[in-house]
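# Survey of secondary and tertiary structure
Residues per chain, in single letters:
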Amino acid sequence: MSLTALKKSLKTKTLKTIFTDYYDTIIHRTVHPNYALRLWAKFLIKECGLIASIDEVYFVRTSSNKYLSEKFKTDVLEVPYAVLKEEIYRRLVNQNMLQVYSKSEFFEVFEKADLKAETQVQYLNDGVVQLLKDFKASGGRVYLVSDFYGSKSLFDSLLLHHGILEIFDGVFSSADMELSKANGSIFEPLLTKLSLQPEEVMMIGDNKVSDYENSKKHGLHAFQLPHGKHLRRNKLNNFGNDFRAFKNTIEDIHSECTKSSVMPFVEYILFYHFFTERLYDKCKRNNVKNLFFLSREGMYLKKLFDAYQAHHQLDDTLAIKTHYLKISRQASMQINLKELEKEEFKYLKEKYPAVSLEDFLSFFSCPEPDKVTIAKELNADSSAVLEGFFDSELFQNLLANSSFKNFYKNHRTSNKTNFEAYMNSFGTDYKKEGIHLVDIGWGGTMQESIFGFLNEDIPVTGYYLGIRDIYNLQEATKRSGLLFSLLPYTDYNDHLLMANTQFYEQFSAANHGSALGYTSEENGFVLEKHNPQEKWLYDTYIEQHQQQMFEIHLEMIKRLSPICYNQNMVQKTLSELALKTGLFVNSRKLKFVQELNSGFFQNIGTNKVGLEYKKEKGSGVLGYLKTFIMKPEVLFRYVVKLKPVLYSKNKVLAFFTPVYFIYLYYKFNKFVRYSMLRHSFLLKSNYFRTDKTQ
């Protein structure tokens, strides 16, 4: 029966009140009803940091509902919402799935997860809504009467979301009244409660038994909306594949990223996006209250995180507070300097053995007059680069120089004092909470320096896009590489994802200079220097590139929200993306790489501009060839550099690089090892390490 017939029926009968169903009457779902519960599980896991899969939490709910229905000998839709929440809470706690949230916090988030799940998949049936508005405008009363699992407050929030709350004179759900339309028990109590005569009421809904037959048995008028197509739709929506839906969405987004209308390599936002997602999930599991994003890449990472959290957080009071901490390797070492007699300058010795006196003093932001004085007293050419500088006679004489000693002492003391004031300015209780920092990677130099500044008394936890180097691991300085990591070991996916680490750095560059050290509050706490090449690069390319990536990030947040995917799906997709992005680089991208490299500034040592690709010592050509044949992923970081290097030397030769055949070999090699041979080897660690979890 059509809406026209319904309008006619309303006019021919003496009606004062309409009871209306909700689902497939005034709203429709784009998914199967049970999928909305899986989305609820997804959002609850994300907000509460549950240690469980979507399906595990979904089955906790459905099993709890069934158990309570049997216990109270009632219909599943008549189980009180509060009782259901209590039962689910007990089961999650019992299984150690819920560890950090209190019961009251959990109950608050529970309902908000239901609200978010439902609003993601609902849309209005505009024809019925308009009919109800017209009836209300003519003086009639409209009540929502639904067999619904949730509370009245949840129903009110849904109606408010759709902008139709004002239509209804009252809202009644089976879970709230512990009565249902399915067995007809709700009608008489509701008529009595509202002091209504059944002949003055019409029940509108799509279910033949619940809405039509049971209401007529109790003397109400009834109108059944078309129901068959909704049943067929729900049956069809019961089929599908989460991975296919996820993959198709990512492919669509990737296609948008590679259009000629956007800048080259905008597809890197897919890596940043899933790093952000994993960061949010991990911090929720760890009950992190404050996150410090380290400059300079942290400025963009913070922007991505804030946008992601704004969409996904269910309770503003439980939001993670984010802070931007200006620091660098150079600045972090200033706050952790020991007394001169005890300081080993270990990092500088390892990373920059060949420096000049000028380089060394500049590292400590030594004023120009002091540099001149010290060089003069040492009778040294301050600009001359010395191999083995830290083992030289000049360095020993420098350590004994009184002018340098006085400068070093004042510099060391002032940086520690000013950095402590800087940390206190954020208003966090980091001495109690510990410090949770976020950075691009690659080893944890700044994390360890901050830990040293805190006298190794306060835990400093690091969350990185990737970990490529391993320094001094300690229990109080735990660190995680969320896209790739050498910890606890390196697997196939790590090798692919860590191949182009310079891009992760360059595409997240900040609009300000590098931190050199720390000064007083009156001077803004931080001493900075912005190299001209870096500023030019940011203004010319990076700013626009980041904005385009951010817009796609927002689109990804929106489109992926109603899909129940997991991190295994993400990892598989990212690895394939890294493989293709690394190998298939057209001339437009190669030219863009050259422009980026011209502005890549190394702010320690001799301050070189540009990137150098160095081949590590190995076993020669035959050794590399054997490695490539057996485990090509290990050499992927070299393979992706092949075409850019050739392009800088001979563009024709670069054009004929057989990247497609290389790509096919990677696919073939992986198929043979992991699909054909994996179960034939006992020592799988030799060639089949792909089971590392995030």
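Nothing here was measured: the structure is a model prediction, and the numbers come from that model. (Residues numbered from 1 in each chain as written. Predicted model: local features only at pLDDT ≥ 70, side-chain atom pairs only at ≥ 80, totals over all residues. Heavy atoms only, no water.)

## Quick word on the overall build of the chain
Definition in use: Segments assigned H or I by DSSP are reported as helices when at least four residues long, segments assigned E as strands when at least two residues long, and all are numbered from the N terminus. Partly exposed residues are those whose accessible area sits between 20% and 50% of the maximum for their type, while under 20% is buried and over 50% is exposed, using a 1.4 Å probe and protein chains only. Any pair of residues with heavy atoms lying within 4.5 Å of one another is described as a contacting pair. A 1.4 Å probe and the Shrake-Rupley method give the accessible areas. Residues count as covered only by the protein chains that appear here. Counted charges follow a simple rule, with Lys and Arg positive, Asp and Glu negative, and His plus the chain ends left uncounted. The location of each charge is read from NZ of Lys, CZ of Arg, CG of Asp or CD of Glu.
Along the backbone of the chain there are 31 helices and 16 strands. Its C-alpha atoms give the chain principal-axis dimensions of roughly 110 × 60 × 50 Å. Taking all 694 residues of the chain together, the buried fraction comes to 54%. Summarising the internal contacts of the chain: among those between residues at least 6 apart in sequence, 73% fall at separations of at least 24. For the chain, the computed accessible surface area is about 32300 Å², with 52% contributed by carbon and sulfur atoms. For the chain, the separation between the mean place of its 89 positive charges and that of its 80 negative charges on side chains is 6 Å.

## Concerning helix α14 (residues 298-312)
What counts is decided by this rule: How far a helix is expected to stretch is found by multiplying one less than its residue total by 1.5 Å.
Taking 1.5 Å of rise per residue, the 15 residues of α14 would be expected to cover 21 Å, and the 20 Å separating its terminal C-alpha atoms lies within 8% of that figure. Turning to α14, its buried residues number three or more, namely G298, Y300, L301, K302, L304, F305, A307, Y308, Q309 and H312.

## Focus: empty space enclosed by the protein
The line we're drawing: Lining residues are those with an atom within 4 Å of a point, where the points come from a 1 Å grid over the protein atoms alone and group into cavities, where a 1.4 Å probe fits but cannot get out, or pockets, open sets with protein on both sides within 12 Å along at least five of seven lines. Grid points are joined across faces, edges and corners, and a volume is the space filled by probe spheres set on the points. Each residue gets one label: Ala, Val, Leu, Ile, Met, Phe, Trp, Tyr, Cys and Pro are nonpolar, Asp, Glu, Lys and Arg are charged, and the others, such as Gly, are polar.
Under the defined criterion, the tally for this structure stands at 4 cavities of 30 Å³ or more. In this structure, the largest cavity occupies an estimated 70 Å³ of space. The wall of the largest cavity is formed by 12 residues, among which N500, F503, V585, V640 and P644 lie closest to the centre. Residue assignment for the lining of the largest cavity shows that the elements contributing at least two residues are α24 (501-506), α26 (567-583) and α29 (636-649). With 3 residues, α29 is the largest single contributor of residues to the lining of the largest cavity. Residues of the lining of the largest cavity, tallied by class, amount to 7 nonpolar, 4 polar and 1 charged. Every residue lining the second largest cavity is listed: Y268, F271, L496, L497, A499, N500, Y504, A578, G582 and F636. If you list the elements that add at least two residues to the lining of the second largest cavity, you get α23 (492-497) and α26. Within the lining of the second largest cavity, the residues separate by chemical class into 8 nonpolar, 2 polar and no charged.

## Here's the deal with the pairing of strand β14 (residues 479-485)
Defined as follows: Being paired, for any two strands, means DSSP has found at least two bridges between them.
For β14, a buried count of 7 out of 7 residues is recorded, marking the element as mostly surrounded by other parts of the structure. Sheet analysis places strand β13 (residues 460-467) next to β14, joined by 5 bridges and oriented parallel. Along β14, the bridge assignment pairs G462 with R479.

## Observations concerning the packing of helix α5 (residues 103-121) against helix α7 (residues 152-162)
Note the following rule: Axis definition: a line fitted to C-alpha atoms, limited for helices to the stretch in contact. Angles are taken between N-to-C directions and run from 0 to 180 degrees. Each helix crossing is assigned a hand: it is left-handed if the near helix lies turned anticlockwise from the far helix by less than a right angle, otherwise right-handed if that turn is clockwise.
Interaxial distance between α5 and α7 falls to 10 Å at its minimum, and their mutual angle equals 35 degrees. Crossing handedness for the pair α5 and α7: right-handed. Between α5, through E111, D114, L115, E118 and T119, and α7, the contact on the second element is made entirely by S153, L154, S157, L158 and H161. A per-class count over the contact of α5 with α7 returns 3 nonpolar, 4 polar and 3 charged.

## Observations regarding the nonpolar core
Keep this limit in mind: In plain words, nonpolar cores are sets of buried Ala, Val, Leu, Ile, Met, Phe, Trp, Tyr and Cys residues tied together by side-chain atoms within 4.5 Å.
Membership of the largest hydrophobic core comes to 146 residues, with the highest contact counts inside it found for I26, F106, F168, Y272, L279, L291 and Y504. Sequence-distant contacts of Y272, that is, excluding residues within four places in its chain, are made with L301, L304, I440, L465, F503, Y504, F507, S508 and M549.

## Some remarks on the side chain of S295
Threshold: By the criterion applied in these results, polar contacts are pairs of N or O atoms within 3.5 Å in which, for protein atoms, one can donate a hydrogen and the other can accept it, and in which residues neighboring in sequence qualify only through two side-chain atoms.
Position of S295 relative to the elements: it lies in the loop between β8 (290-294) and α14. Look at S295 and you get buried, because its relative accessible area is 4%. Separated by 2.7 Å, the side chain of S295 and the backbone nitrogen of I327 make a polar contact. Setting aside chain neighbours within four positions, we find S295 in contact with Y324, L325, K326, I327 and H512.

## Describing the packing of aromatic side chains
Rules: Pairing of aromatic side chains requires ring centres within 6.5 Å, counting the rings of Phe and Tyr and the six-membered ring of Trp. Pairs whose planes differ by under 30 degrees are stacked, by over 60 edge-to-face, and all others tilted. Geometrically, a lysine NZ or arginine CZ counts as sitting over a ring once it is within 6 Å of the ring centre and also within 35 degrees of the ring normal.
Using the criterion set out here, one finds 70 aromatic pairs in the structure. Arranged with centres 5.0 Å apart and planes meeting at 90 degrees, the rings of F419 and F453 form a pair that is edge-to-face. With F419 in helix α20 (residues 402-424) and F453 in helix α22 (residues 445-453), the pair connects residues that are 34 residues apart, well separated along the chain. Considered together, F419 and F453 belong to a single accessibility category, that of buried residues. Ring-pair connections join several aromatic residues into one group, and the members of that group are F265, Y268, F271, W442, F484, F503, Y504, F507, W536, Y541 and F592. A cation over an aromatic ring shows up here: R61 above the ring of W40, its NZ or CZ 4.5 Å from the ring centre.

## A few points about the UniProt feature "transmembrane region" (unreviewed entry) in the chain
What counts here: UniProt positions are given in the numbering used here, feature names are shortened, and annotations may be inferred rather than shown by experiment.
According to UniProt, the feature "transmembrane region" (unreviewed entry) maps to residues 652-668 in the numbering used here. The annotated region residues 652-668 carries 82% helix and 0% strand content, and the separation between its end C-alpha atoms amounts to 28 Å.

## Digging into the environment of A5
Within the fold, A5 resides in helix α1 (residues 3-12). Separated by 220 residues in the primary sequence, A5 and L225 have C-alpha atoms spaced 9.9 Å apart.

## Quick notes on a nonpolar patch on the surface
The line we're drawing: Patches draw on residues past 30% relative accessible area with no salt bridge. Two like charges within 9 Å are joined, as are two nonpolar side chains (Val, Leu, Ile, Met, Phe, Trp, Tyr) within 5 Å. A side-chain nitrogen of Lys or Arg and a carboxyl oxygen of Asp or Glu constitute a salt bridge if their distance falls within 4 Å.
A grouping of F584, Y660, F661 and L664 is seen on the molecular surface, where their side chains present a nonpolar patch of about 420 Å² in accessible area. Within the secondary structure, F584 sits in the loop between α26 and α27 (587-598). Of the residues examined, F584 reaches a relative accessible area of 31% and is grouped as partly exposed.

## With respect to the sheet that holds strand β1 (residues 17-20)
With parallel pairing, the 5 strands of this open sheet are ordered in space as β5-β4-β1-β6-β7. The two strands at the open ends of the sheet, each matched to only one other strand, are β5 (170-173) and β7 (221-224). Neighbouring strand axes in the sheet, compared pairwise and without regard to direction, differ in orientation by 20 degrees on average. Two strands pair when backbone bridges link them, and β1 and strand β4 (residues 141-146) are joined in this way by 4 bridges, in the parallel orientation. The residue of β4 that forms the bridge with I18 is V142.

## Concerning the pairing of strand β6 (residues 201-205)
Burial within β6 is extensive, with 5 of its 5 residues counted as buried. In this structure, β1 lies alongside β6, joined through 4 bridges in parallel fashion. Each residue of the ladder has a partner; that of F19, found in β6, is M203.

## Focus: the packing of helix α28 (residues 620-630) against helix α31 (residues 659-676)
Where α28 contacts α31, the axes come no closer than 9 Å and their chain directions differ by 65 degrees. Contact with α28, carried on its side by F628, I629 and M630, involves I662, Y665, Y666, N669 and R673 of α31 and no other residues of that element. Of the residues belonging to the contact of α28 with α31, the class tally is 6 nonpolar, 1 polar and 1 charged.

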